[in-house]
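So the chains spell out like this:
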Amino acid sequence: QVQLVESGGGLVQAGGSLRLSCVAPGNIFSFSDMLWYRQPPGKQRELIAAITQGFRTTYADSVRGRFTISRDNAKNTVHLQMNSLKPEDTAVYYCKAILGLTDYWGQGTQVTVSS
């Protein structure tokens, strides 16, 4: 089963930064739009950032101006640079690849922001 692999989560103080990475198989990454979701404790999973094959980006209002999504096609990797982190950013962060009608998910990485 195809799986994306996230990394970069951890514990950080409010105001700090983290950079998440997600690696996908090349035959999937090259033809996919890539997205980041997060699921806070006790809440539903929400879409926070997306980047198309053509490098067009979109963001949820809650993270716009603080988070930046980017992709490195040479390394089959999508990044999420997270700055000015807040306690409410605490969540499990997931990446997803959309290839045609098929979604591929990662296993998630925990981000905890202390106040």
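Residues numbered from 1 in each chain as written. Predicted model: local features only at pLDDT ≥ 70, side-chain atom pairs only at ≥ 80, totals over all residues. Heavy atoms only, no water.

1. Let's talk about the pairing of strand 4 (residues 33–39)
Alright, step 1. With five of seven residues buried, strand 4 is to be regarded as a mostly interior element.
Alright, step 2. Here seven bridges tie strand 4 to strand 9 (residues 91–99), and the two strands are oriented antiparallel to one another. Looking at the pairing, tryptophan 36 lines up with cysteine 95 of strand 9.
Alright, step 3. Looking at chain direction, strand 4 and strand 5 (residues 46–51) are connected through five bridges and run antiparallel. Across the sheet, tyrosine 37 pairs through a bridge with leucine 47, a residue of strand 5.
Alright, step 4. Linkage of strand 4 to strand 5, two consecutive antiparallel strands, is achieved through a turn of six residues, within which glycine 42 is found at a positive phi near 75°. (Buried < 20%, exposed > 50% of the residue type's maximum accessible area, 1.4 Å probe, protein only. Helix = DSSP H or I, 4+ residues; strand = E, 2+ residues; numbered from the N terminus. Pairing = 2+ DSSP bridges.)

2. Concerning the state of the cysteines
Alright, step 1. Using the criterion set out here, one finds one disulfide in the structure.
Alright, step 2. Each sulfur of the disulfide joining cysteine 22 and cysteine 95 lies 1.9 Å from the other. Because the sign of the S-S torsion sets the handedness, a value of about 50° for the bond joining cysteine 22 and cysteine 95 places this disulfide among the right-handed ones. A residue pair is termed long-range when its members are at least 10 positions apart, and cysteine 22 in strand 3 (residues 18–23) and cysteine 95 in strand 9 qualify at 73 residues. The pair formed by cysteine 22 and cysteine 95 is uniform in burial state, with each residue classed as buried. (Disulfide = S-S within 2.5 Å.)

3. Description of the sheet that holds strand 7 (residues 67–72)
Alright, step 1. Taken in spatial order, the four strands make up an open sheet running 1-3-8-7, and their pairing is antiparallel. Both outer strands of the open sheet, strand 1 (5–7) and strand 7, are each paired with one neighbouring strand and no more. Pairs of neighbouring strands in the sheet enclose a mean axial angle of 15°, with direction left out of account.
Alright, step 2. With three bridges joining them, strand 1 and strand 3 adopt antiparallel strand pairing. Within strand 3, the position partnered with valine 5 by the bridge is valine 23. (Axes fitted to C-alpha atoms, helices over the stretch in contact; angles between N-to-C directions.)

4. Details of the side chain of histidine 79
Alright, step 1. Structurally, the position occupied by histidine 79 is in strand 8 (residues 77–82).
Alright, step 2. Among the polar contacts listed, one links the side chain of histidine 79 to the side chain of arginine 19, at a separation of 3.4 Å.
Alright, step 3. Reaching out from histidine 79, the side chain makes a polar contact with the side chain of serine 21 at a distance of 2.9 Å.
Alright, step 4. In this structure histidine 79 touches Arg19, Leu20, Ser21, Trp36, Thr68, Ile69 and Ser70, once residues within four positions along its chain are discounted. (Polar contact = N/O pair within 3.5 Å; in protein donor to acceptor, adjacent residues only side chain to side chain. Contact = heavy atoms within 4.5 Å.)

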